[in-house]
Protein chains: 2
Amino acid sequence: MADLAALAGVSKITISRALRGSEAVHPETRERIKSLAREHGYRLNLSARNLRLQRNAMVAVVVEMQPSVERPMSEPYPLALLGGISQELTSAEYSILLMAMHELSPERLPPVDGVILLGQGEADEATVRIRELGVPVVSWGALRSGHGSLVVGSDNARGGELAAERLLSLGRRRVVYLGNTRFGEIADRCDGLKARLEAGGATLVECLDGGFTFLTGANAIRTLLSAGTHHFDGIFACSDLVAMGAIRALTDAGVDVPGDVAVVGFDDTPMASYFVPALTTIRQDWHHGGLLLARKLLSLVQGEAAQSEIMPVNLIVRSS
Amino acid sequence: MADLAALAGVSKITISRALRGSEAVHPETRERIKSLAREHGYRLNLSARNLRLQRNAMVAVVVEMQPSVERPMSEPYPLALLGGISQELTSAEYSILLMAMHELSPERLPPVDGVILLGQGEADEATVRIRELGVPVVSWGALRSGHGSLVVGSDNARGGELAAERLLSLGRRRVVYLGNTRFGEIADRCDGLKARLEAGGATLVECLDGGFTFLTGANAIRTLLSAGTHHFDGIFACSDLVAMGAIRALTDAGVDVPGDVAVVGFDDTPMASYFVPALTTIRQDWHHGGLLLARKLLSLVQGEAAQSEIMPVNLIVRSS
DNA sequence: ATGAAAGCGCTAACAT
DNA sequence: ATGTTAGCGCTTTCAT
């Protein structure tokens, strides 16, 4: 910057002001300096600026799970949420620092002004660990798993109710839930499902603690069928992929879907509509979720108040 | 740090050394300072350190496409590559700054020591734009699209050959390729396919310029079938999702897969093995690709030499 | 409309 | 084994 100042025949501070588009500097000088900077490939040292301004202009997005080939299919939400987060943060001139939960330690927290947590973890483990960092935090998930921190998430309980209503309308009386209820979001859906089923005179006959993949969905139902202890005529799965696995297990066993057993998924992933039978599912708006996460975190960072927000979900009726 | 120095009764520099685990400071003093720091919640100001050290300890990962709900399914590679990248960079104490290509401008390049580009863009647009930034760059894609910059990618031409060999072994003579060859990777696959087909006495009858989704795959084949201008008995698709779409269009039209038309996909996404018929496809090792990308960029950043690397691919034979 | 001085928190170089 | 000095590149405050 000093070099540029010498070149332009002005002082450093005028360069600084000009590049930030300050009104204080003469428009002509400003343009001259800007083009000079471009021409010489000058780039602002953001470490210096951040040191001076006592901020980082950066937000960490912490992904609870280890990214892998298997996960993006089973849980597309990280990238979808990131789209919304990125859009909002970029327009506020903040950058996104991406890291996996297990890489995070309080000592070497990277230089960020706040943290967005994607996934609160089994038994809220992630939420609890993040809170110790002493920076503003907003997490994606369930209110019950927020432990006092700000939460943005879908109305999972309502999702469960919608699934129950759909199954009830098809005359189903005995429903199986597939999902690990140690995750707050998953538990909320189960609660909503159970309450609405019982209000409609039906029963939640089983709540199976499985994983999030096609295979775990298929295996859960295979086990259930071979045990033969329960009769069931409906399934609500914690994700579309799990629902697809469940359907595969059913059709492999000669059980008709939706004739014998109706299935409702969650997420409305692109594949849901292409699967045979096309999946009835609950849709959540990840992109908007991302926007909200970013907006609320920025509020906190700037010392303003912000509140948790739960977004509506929709039932998408197809053929399962 | 000055406060901590006062508390510990030593000078700032001793604090600095102790926290970095320097040998120069007495082990006892070192531990005392470390626990004092922990106790008082002291955190190093990384902007100051980076300013002083003239580095950023950060690498930008630039994703060529806008993340969305549709993309992670169609192209799972961003997250899979990120897994490998993250693993490698974290152990070198570098952070990952994530951004979308369209958010990148030379003026406001965030404070990074280098850039990893995921996806070189149609007609290598992304590669060309990134090169102007004047920082070390490594990109995921094809050598032909590197424009002099370092590239890590799968052996796409070999992938095309493997697909051709598979189709030839099934006695196929007239093959359709589904993919936008303005992307270097996609073009390489097409070239490998064509060469090997012709060497085996078969023909590439059509090369259809489509997108990367289930729907574009289905539409391409529907159009082809209704035009009726070409007879074909084999398809090689640029992704598993496109292959699935193509298969759907075929079976919807009463064409048997693989009896009438055999189909080979690309990527070996988790869904490939669950699709009916299970997809024959080419597998690439994204995680390892991510590791290599990160390693090579770090070499460049540290002023060492590094070379492009093309990774082997495998044919996974299933039922399509 | 422009400038001079001071200092953000850290560490390398050079003492002691 | 520890300390002193100086300066990384920027912007705020207070002149002019």
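Residues numbered from 1 in each chain as written. Chains lettered and ligands numbered in written order. Predicted model: local features only at pLDDT ≥ 70, side-chain atom pairs only at ≥ 80, totals over all residues. Heavy atoms only, no water.

Chain A is annotated in an unreviewed UniProt entry as LacI family transcriptional regulator of Hankyongella ginsenosidimutans.

## A look at the overall build of chain A
Helix and strand counts for chain A come out as 12 helices and 12 strands. Computed over C-alpha atoms, the radius of gyration of chain A comes to 25 Å, more than 25% over the 20 Å expected from 2.2 N^0.38 for 320 residues, which places it beyond the range of a compact globule. A principal-axis box enclosing the C-alpha atoms of chain A has dimensions of 85 × 35 × 30 Å. Across the 320 residues that make up chain A, the buried fraction comes to 57%. Sequence separation of at least 24 residues holds for 70% of the intrachain contacts in chain A that already meet a minimum separation of 6. (Helix = DSSP H or I, 4+ residues; strand = E, 2+ residues; numbered from the N terminus. Rg over C-alpha atoms; globule rule 2.2 N^0.38 Å. Buried < 20%, exposed > 50% of the residue type's maximum accessible area, 1.4 Å probe, protein only. Contact = heavy atoms within 4.5 Å.)

## Let's talk about helix H3 (residues 27-39) of chain B
All names here are of chain B. Here H3 contains 13 residues, and its C-alpha end-to-end distance of 18 Å stays within 8% of the 18 Å for a straight helix at 1.5 Å per residue. Those residues of H3 not exposed but buried are Thr29, Arg30, Ile33, Leu36 and Ala37. Mapping the buried residues of H3 onto a view down its axis gives an arc of 135°, with all of them on the same face. Seen from the buried face of H3, the exposed residues on the opposite side, beyond 90 degrees, are Glu28, Arg38 and Glu39. Where H3 is buried, its residues contact helix H1 (2-8) and helix H2 (12-19). Just downstream of H3, glycine 41 is the residue with a positive phi angle, here 65°. (Expected span 1.5 Å × (residues − 1). Arc of directions from axis to C-beta.)

## Digging into the protein's contact with DNA strand C
Surveying the vicinity of DNA strand C reveals 24 residues, the closest of which are A:Thr14, B:Met1, B:Ser16, B:Tyr42 and B:Arg52. Sugar and phosphate atoms constitute 65% of the interface atoms of DNA strand C, taking the interface as everything within 4 Å of the protein. Going through the elements one at a time, helix H2 (12-19) and helix H4 (46-53) of chain A together with H2 and helix H4 (46-53) of chain B are the ones with two or more residues in the surface near DNA strand C. When residues in the surface near DNA strand C are grouped by element, the largest group, 4 residues, is from H4(B). (Near = heavy atom within 4 Å.)

## Some thoughts on the domain arrangement of chain A
According to the domain assignment, chain A contains domain 1 (2-44), domain 2 (58-154 + 286-311) and domain 3 (156-283). One C-alpha centre belongs to domain 1 of chain A, the other to domain 2 of chain A; they are set 37 Å apart. (Domains from an automatic or database assignment.)

## Some points on the interface of chain A and chain B
Facing 52 residues of chain A, the contacting portion of chain B comprises 52 residues. Counting across the chain A and chain B interface gives 8 residue pairs in polar contact (both at pLDDT 80 or more). Tallied by class, the residues present in the side of chain A that touches chain B amount to 32 nonpolar, 11 polar and 9 charged. Examined bridge by bridge, strand S2 (residues 95-100) of chain A and strand S2 (residues 95-100) of chain B share 3 bridges and lie antiparallel to one another. Among the inter-strand pairings, A:Leu98 is bridged to a residue of S2(B), identified as B:Ile96. (Polar contact = N/O pair within 3.5 Å; in protein donor to acceptor, adjacent residues only side chain to side chain. Nonpolar A, V, L, I, M, F, W, Y, C, P; charged D, E, K, R; others polar. Pairing = 2+ DSSP bridges.)

## Remarks on the protein's contact with DNA strand D
Close to DNA strand D lie 24 residues, the nearest being A:Met1, A:Ile13, A:Ser16, A:Tyr42 and A:Arg52. Protein-adjacent atoms of DNA strand D, using a 4 Å cutoff, are sugar or phosphate at a proportion of 62%. Measuring from a phosphate oxygen of DNA strand D, one finds a side-chain N or O atom of A:Ser16 at 2.3 Å. One nitrogen or oxygen atom from the main chain of B:Ser11 is found 2.8 Å from a phosphate oxygen belonging to DNA strand D. Elements with a contribution of two residues or more to the surface near DNA strand D: H2 and H4 of chain A together with H2 and H4 of chain B. Top contributing element to the surface near DNA strand D by residue count: H4(A), with 4 residues. Of the residues contributing to the surface near DNA strand D, the split by class is 11 nonpolar, 7 polar and 6 charged.

## Regarding the relation of the copies chain A and chain B
Between chain A and chain B, the superposition needs a rotation of 180° and an axial shift of 0.0 Å, giving an RMSD of 0.1 Å. Here the symmetry operator amounts to a two-fold rotation axis. Comparing interface residues between copies, 100% of those in chain A also sit at the interface in chain B, which points to an isologous, same-surface contact. (Least-squares fit on C-alpha atoms with pLDDT ≥ 70 in both.)

## Some words on the sheet that holds strand S7 (residues 203-208) of chain B
All names here are of chain B. Read from one edge of the open sheet, 6 strands run S7-S6-S8-S9-S10-S12, paired in mixed fashion. The open sheet has two free edges, formed respectively by S7 and strand S12 (314-316), since each of these has just one partner strand. Neighbour-to-neighbour, the strand axes of this sheet turn through a mean angle of 20°, independent of strand direction. Two elements, strand S6 (residues 174-178) and S7, share 5 bridges in a ladder whose sense is parallel. Considered in S7, the bridge of tyrosine 177 is made with cysteine 207. (Axes fitted to C-alpha atoms, helices over the stretch in contact; angles between N-to-C directions.)

## Topic: the nonpolar core
Residues A:Leu178, A:Ile235, B:Leu178 and B:Ile235 are the most contacted members of the largest nonpolar core, which totals 102 residues. If near-sequence neighbours (up to four positions away) are discounted, B:Leu178 is found in contact with B:Leu208, B:Gly217, B:Ala220, B:Ile221, B:Ile235, B:Phe236, B:Ala237, B:Cys238, B:Val242 and B:Ala246. Within the second largest apolar cluster, 50 residues are counted, among which are A:Ile116, A:Leu292, A:Leu298 and B:Leu79. (Core = buried A, V, L, I, M, F, W, Y, C linked by side-chain atoms within 4.5 Å.)

## What about the confidence of the model for chain A?
This prediction gives chain A a mean pLDDT of 89; 96% of its residues lie at or above 70. Low pLDDT (under 50) marks residues 68-74 of chain A, which in the prediction has 19 contacts with non-local residues, meaning those over four places away or in another chain. (pLDDT = per-residue confidence, 0-100.)

## Points about the UniProt feature "domain: HTH lacI-type" (unreviewed entry) in chain A
Sequence positions flagged by UniProt for "domain: HTH lacI-type" (unreviewed entry) are, in local numbering, residues 1-53 of chain A. Annotated as residues 1-53 of chain A, this span is 68% helix and 0% strand, and its ends, taken at the C-alpha atoms, are 17 Å apart. (UniProt positions renumbered as here; feature names shortened; annotations may be inferred.)

## Some remarks on helix H8 (residues 156-169) of chain A
Residue and element names in this part refer to chain A. Here H8 is 14 residues long and its end C-alpha atoms lie 20 Å apart, about the 20 Å a rise of 1.5 Å per residue gives. Inspection of H8 places Asn156, Gly159, Gly160, Leu162, Ala163, Ala164, Arg166, Leu167 and Leu168 among the buried residues, and these make up the whole buried set. Just downstream of H8, glycine 171 is the residue with a positive phi angle, here 80°.

## Digging into the packing of H2(B) against H3(B)
Residue and element names in this part refer to chain B. Two elements in contact, H2 and H3, have axes whose closest approach is 9 Å; the angle formed by their N-to-C orientations is 90°. It follows from the interaxial angle that H2 and H3 lie roughly perpendicular. Between H2 and H3, the residues in contact are Thr14, Ile15, Ala18 and Leu19 and Arg30, Ile33, Lys34 and Ala37, respectively. Residue composition of the contact of H2 with H3, by class: 5 nonpolar, 1 polar and 2 charged. (Parallel < 35°, antiparallel > 145°, perpendicular 65-115°, else oblique.)

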